[in-house]
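Letter by letter, the chains look like this.
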Amino acid sequence: FEKAAEAKSTLVDSSGIIEPKIAFDLADRVAKMHEIDISEHLRELLKINGKELSALILSKEIALGKYSLEEASLEEKLDLAVRVGLAIVTEGVTIAPLQGISEVKIKKNKDGSDYLSVSIAGPMRSAGGTESAVTMLIADHVRKAVGLSKYQADSFDDETGRFVEELRIYEREAGNFQFHILDEDIIHVISNLPVELDGVDTDPYEVVNHKGMTRIKTDRVRGGALRVLNDGLIGRAKKLLKRIQLYNLDGWEWLADLKGAVQTGDDQEDAATKRMREVITGRSVLSMPNKLGGFRLRYGRACNTGFAAVGIHPIIAEILDHTIAVGTQIKIDIPGKGATVAFVDSIEPPTVRLKNGSVIKIRDVKHGIEIKKEIEKILHLGDILISFGDFLENNAQLVPSGYVEEFWIEELREKLAKYEPNDQYLSQFLERIPSLDEALKISLDFQIPLHPSYLYFWDQITTSELSEILQPTKLNENSIEYPKNVKKILEKLGVPHLQNNSIILEENEAKIFFNLLFRNPPKIDDKSVPKIISESSGISVKNKSSTSIGVRIGRPEKAAARQMKPPTHVLFPISDKGGPTRDLLKASRHANFFTNIFNRQCQHCNEPSIGIKCSKCGEKTSIKYQCSNCREILESPFCEKCKRKASTHSYQPFPLKERLLNAQEKMGLRAQEPFKGVKELISQDRIPEPLEKGLVRQNFGLTTFKDGTVRFDATNSPITQFKPSWIGTPIEKLKELGYTHDIDGKPIVDENQIIEIRMQDV
Ligand SMILES: [Zn+2]
Ligand SMILES: [Zn+2]
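The rules behind these values
- Residues numbered from 1 in each chain as written.
- Chains lettered and ligands numbered in written order.
- Predicted model: local features only at pLDDT ≥ 70, side-chain atom pairs only at ≥ 80, totals over all residues.
- Heavy atoms only, no water.
- Helix = DSSP H or I, 4+ residues; strand = E, 2+ residues; numbered from the N terminus.
- Buried < 20%, exposed > 50% of the residue type's maximum accessible area, 1.4 Å probe, protein only.
- Pairing = 2+ DSSP bridges.
- Domains from an automatic or database assignment.
- Contact = heavy atoms within 4.5 Å.
- Buried area = accessible area lost by both parts, 1.4 Å probe.
- Donors = N, O, S within 2.8 Å, 3.2 Å for Na, K, Ca; no water.
- Tetrahedral: all angles 85-135°; square planar, octahedral: opposite > 155°, others 65-115°.
- Phe/Tyr/Trp six-rings, centres within 6.5 Å; stacked < 30°, edge-to-face > 60°.
- Lys NZ or Arg CZ within 6 Å of the ring centre and 35° of its normal.

**Student:** What's the story with the environment of Thr547 in this structure? I'm lost.
**Tutor:** With respect to the helices, strands and loops of the structure, Thr547 is situated in the loop between helix H21 (529–537) and strand S21 (548–549). For Thr547, a relative accessible area of 11% corresponds to the buried category. Taking the C-alpha atoms as reference points, Thr547 and Lys291, 256 residues apart in sequence, are found 8.0 Å from one another.

Here it is as structure tokens:
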């Protein structure tokens, strides 16, 4: 930042400061957002009153002209007052105060009285339902402060009817609201609002019956205003009533008479199914809610998952041909709506059926790639790791978990603490997965349930299915054979097996079956299958399944450099003189190069300049204004003669060739063909960039975005710990960066130690 500030202070560029501002707190943010000097005062107000009341107090002061210039009109003061008020309640972190309010105007009722009108634009959405409606409360408050009359609905045309028609058209054609509201509520609100709710059109859909109205200037739907009405004033009426009480506002009692809104998709089940129904072509559904074989809910978090970031096994990405990748946005049915995908390889991997009929559980990514071509069907997708915090944050109901490793370890720990605190043999299994023989022995000797690694979905089969698998055609501890008709049941259970002329279980699977089912044949009664098996075998068998989570792809991962189309090195306009590649070098060969840019001139050299200081003589340059009517060159941006604003840019000759040569010499960089500019500038003042910037960008293989920044849109995803081996950073380098100890407080010596990542490296 200091380097950039130093560079800017040389005045070679068109501005002397770094444009993005740094704000320290809410007060500072709001002050800088609106370029008004209120931060000190607001800070004091916030200390005593909290943000809600401070917003009201300050907006009233602004409306009464405390922070405006003498000549500011009442309309300008009110406009600023409403925006600043909204900025305070939204904590200055949304664009709503700047872009969500199109304009605030004083208009006349039919009886000639003045009233206040607030015009809402689409970006008001970023403020959220309640806050967008609070905008109207603030507007009403400042209206009273300056003594304007109330808005009188329907005094020219049927405005209430217009809102009803418009809202229904919007719902049908343009977009969804959070709530469904009644016509009578719309009429009730519009006819009682003390301030006019107006808006700019947002979508190309027109009303049919209420066109060409006196006060509503557009026949199209006004999405921003409708949203304030639907999701704000009516949808959040209850919350608003509390605010009104807090603000001590009168004249809003009618809000309590609303019939109220129905949240669309009110019951959980419906909302989930609906989400799954809103499938878009090309965005796959990976898993359906509550269906066996879908992603099994696994609670917890890994170092790369967390809030709205869930873990799935990396094998899934391989066998699904990278339909999903790290950073893919997915829609899930519980607990929240969306999440980002991260890979976690310590959770349950998928189980698949191969083309030859065999069923296998994939061990790891390498194994997955090897057998990928042979896969016929994925029987079980394995786990999806979701943190408890996500359930808490979304206020979602917790679903019982399947029996997972974490349970097993805790049960072992408990036994250890109780009976064998120093047992070396048992303690090792707190760290590593026991072999099958070890697991069976532990279960029998210590009455701990069977380890989850050797557990099948016993809770998903019926007792009659259990009796079918109790009848093998061949049986011993190392191999069990079945007729083909039990294959479906084994697939449900998730038991790996081979298929020839019959179904064969071998090794671990045979051993598990033998120990659970055949050593001591179960007595089938009306208990659940896991209970039946537990009783007969003496090995406690728990439920493996939890719920399955519905998952579909929301938006593919799209981290990439933010570029213009086509990519551009420098924001300098050359119209069509650079050919299809918009090459500045090509354009510079034109003898008479003209371009439409900002009127900055060096008086000394009598030449156009890009920077504040002339690149030739170093003198400060000045800006010329030209009246678009009388063509006169002026010193100020207003033509007194024609009473209109003068333009700051014009079509003018520019010594591009010379400037380009100078810039190359100055930077010691040579422009390569094509050195890409733009056709024309679209900013208000048409201020071009210094050519040097483009040279530096091209030299580093970078391009610019339309705001003159070199940007990369990254996926937002958490990480809390890492291993040096994952990131390929030598331990020595890490020590230089300040990493000295691992998560257990041991000095870093091995690249496989887990280290907590520091804030500045996230
Ligand atoms: Zn000069
Ligand atoms: Zn003029």
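Picking up where we left off.
**Student:** In this structure, what is going on with the pairing of strand S10 (residues 309–312)? I would like to understand it.
**Tutor:** For a regular strand, the rule is simple: side chains alternate between the two faces of the sheet. The two faces of S10 match: Ala309 and Gly311 on one face and Val310 and Ile312 on the other face are all buried. Of the pairings in the sheet, the one linking S10 to strand S12 (residues 338–343) comprises four bridges and is parallel in character. Bridge pairing in S12 places Val310 opposite Val341. Strand direction decides the pairing type here: S10 and strand S16 (residues 383–386), joined by two bridges, are antiparallel. For Ile312, the partnering residue across the bridge sits in S16 and is Ile384.

**Student:** What am I meant to see in the domain arrangement of the protein here?
**Tutor:** Where interface size is given, it is often the accessible area lost as the parts come together that is meant. Here the protein is described as being made up of domain 1 (6–263), domain 2 (268–393), domain 3 (579–705) and domain 4 (721–761). For domain 1 versus domain 3, the distance between C-alpha centres works out to 39 Å. Across the contact, seven residues belong to domain 1 and 11 residues belong to domain 3. For the pair domain 1 and domain 3, the two sides together bury roughly 670 Å², of which 57% comes from carbon and sulfur.

**Student:** How should the coordination of the zinc ion (ligand 1) be read in this particular structure?
**Tutor:** In ideal tetrahedral geometry, four donors around a metal make angles of 109.5 degrees, whereas ideal octahedral geometry with six donors gives angles of 90 or 180 degrees. Here the zinc ion (ligand 1) is held by Cys602 (SG), Cys605 (SG), Cys614 (SG) and Cys617 (SG), and the distances to it run 2.2 to 2.3 Å. Considering all four donor atoms around the zinc ion (ligand 1), angles at the metal cover 105 to 116° and the coordination shape is tetrahedral.

**Student:** Before we go on, may I ask you to explain the packing of aromatic side chains in this structure?
**Tutor:** Each aromatic ring pair is summarised here by two numbers: the centre-to-centre distance and the angle between the ring planes. Scanning the entire structure with this criterion turns up 12 aromatic pairs. With a centroid separation of 5.3 Å and 50° between ring planes, the pair formed by Tyr115 and Tyr151 is classed as tilted. Taken together, the positions of Tyr115 in strand S2 (residues 114–120) and Tyr151 in the loop between helix H6 (129–145) and helix H7 (159–174) put the pair 36 residues apart, joining distant regions of the chain. Using a relative accessible area of 6% as the deciding quantity, one classes Tyr151 as buried. Between Phe572 and Phe654, the ring centres sit 5.1 Å apart and the planes meet at 55°, which makes this aromatic pair tilted. Highlighted residues: Phe572 in the loop between strand S23 (560–562) and helix H22 (584–588) and Phe654 in the loop between strand S32 (649–653) and helix H23 (656–667), separated in sequence by 82 residues. For the pair formed by Phe572 and Phe654, the shared burial category is buried. Counting every residue linked through ring pairs, the aromatic cluster contains Tyr456, Trp458, Tyr482 and Phe513. The residue whose ring lies beneath Arg222 is Phe163, and the NZ or CZ to ring-centre distance is 4.7 Å.

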